[in-house]
Amino acid sequence: MGCPTDATCWWCQYKIQTREHLFKNCPQWKSQQKTLWATVLEETRKLPGPLWGRDRTSIAELLADERCSQAMLDFLATTDIGRTSGPPVASEEEDAASEASEWEAREQSERSWERREEERLGRDW
């Protein structure tokens, strides 16, 4: 599935999907937004710099402030925001196959690295 061709929000069908909408207003992520903004306020109170709040902070400002990095990462980890194909539609079987493929690729990469190391060490002796 590719990206939609219009600007409609993938999750709530709002007329335009923007960072501001996703991080502040999209009803799909209301719980995660509440956690994000509470954490942002708490973190910006701890260290010098401006206090950031949902209504007075742009997402660009939030992304630029190191104090908010972990809160932003946590928000993204608990939502599907940032996916390139919209809401997930994969079946459980497809998910399992994808995980198996990732595991196989990692295993192959590790074996390749081990062979190169063995060859390198063999030459050094």
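First, a word on scope: everything that follows refers to the structure included in this document. (Residues numbered from 1 in each chain as written. Predicted model: local features only at pLDDT ≥ 70, side-chain atom pairs only at ≥ 80, totals over all residues. Heavy atoms only, no water.)

1. Notes on the overall build of the chain
The helix and strand tally for the chain stands at 5 helices and 0 strands. A buried classification covers 24% of the 125 residues belonging to the chain. In the chain, the proportion of contacts linking residues at least 24 apart, taken out of those at least 6 apart, comes to 45%. Per element, the accessible surface of the chain, about 9200 Å² overall, is 51% carbon and sulfur. (Helix = DSSP H or I, 4+ residues; strand = E, 2+ residues; numbered from the N terminus. Buried < 20%, exposed > 50% of the residue type's maximum accessible area, 1.4 Å probe, protein only. Contact = heavy atoms within 4.5 Å. Areas by Shrake-Rupley, 256 points an atom, 1.4 Å probe, with all protein chains shown as cover.)

2. Focus: the environment of Ala-60
Looking at the secondary structure, you find Ala-60 in helix H3 (residues 59-64). In this structure Ala-60 comes out as partly exposed when scored by relative accessible area, which is 38%. Sequence spacing of Ala-60 and Arg-19 is 41 residues, and the spatial spacing of their C-alpha atoms is 8.7 Å.

3. Quick look at the packing of aromatic side chains
Throughout the structure, instances matching the rule amount to 3 aromatic pairs. Their ring planes at 50° and their centres at 5.3 Å tell us that Trp-10 and Trp-11 sit as a pair that is tilted. Classification of Trp-10 as buried rests on a relative accessible area of 17%. Judged by relative accessible area, which is 14%, Trp-11 ranks as buried. An aromatic cluster of at least three residues, connected via ring pairs, comprises Trp-10, Trp-11 and Trp-29. (Phe/Tyr/Trp six-rings, centres within 6.5 Å; stacked < 30°, edge-to-face > 60°.)

4. So, a negative patch on the surface
There is a patch of like negative charges on the surface, built from Glu-110, Glu-114, Glu-118 and Glu-119. Its location among the elements puts Glu-110 in helix H5 (residues 92-124). Residue Glu-110 is classed as partly exposed on the basis of its relative accessible area, which comes to 45%. (Patch = residues over 30% accessible without salt bridge, like charges linked within 9 Å, V, L, I, M, F, W, Y side chains within 5 Å. Salt bridge = Lys/Arg side-chain N within 4 Å of Asp/Glu carboxyl O. Lys, Arg positive; Asp, Glu negative; His and termini not counted. Charge placed at Lys NZ, Arg CZ, Asp CG, Glu CD.)

5. Section: helix H2 (residues 30-46)
Here H2 spans 25 Å end to end across 17 residues, near enough to the 24 Å set by a 1.5 Å rise per residue. Looking only at H2, the buried set comprises Gln-32, Gln-33, Leu-36, Trp-37, Val-40 and Thr-44. In a view along the axis of H2, the buried residues occupy a sector of 125°, so they form one face of it. Of the exposed residues in H2, the ones pointing more than 90 degrees away from its buried face are Ser-31, Lys-34, Arg-45 and Lys-46. (Expected span 1.5 Å × (residues − 1). Arc of directions from axis to C-beta.)

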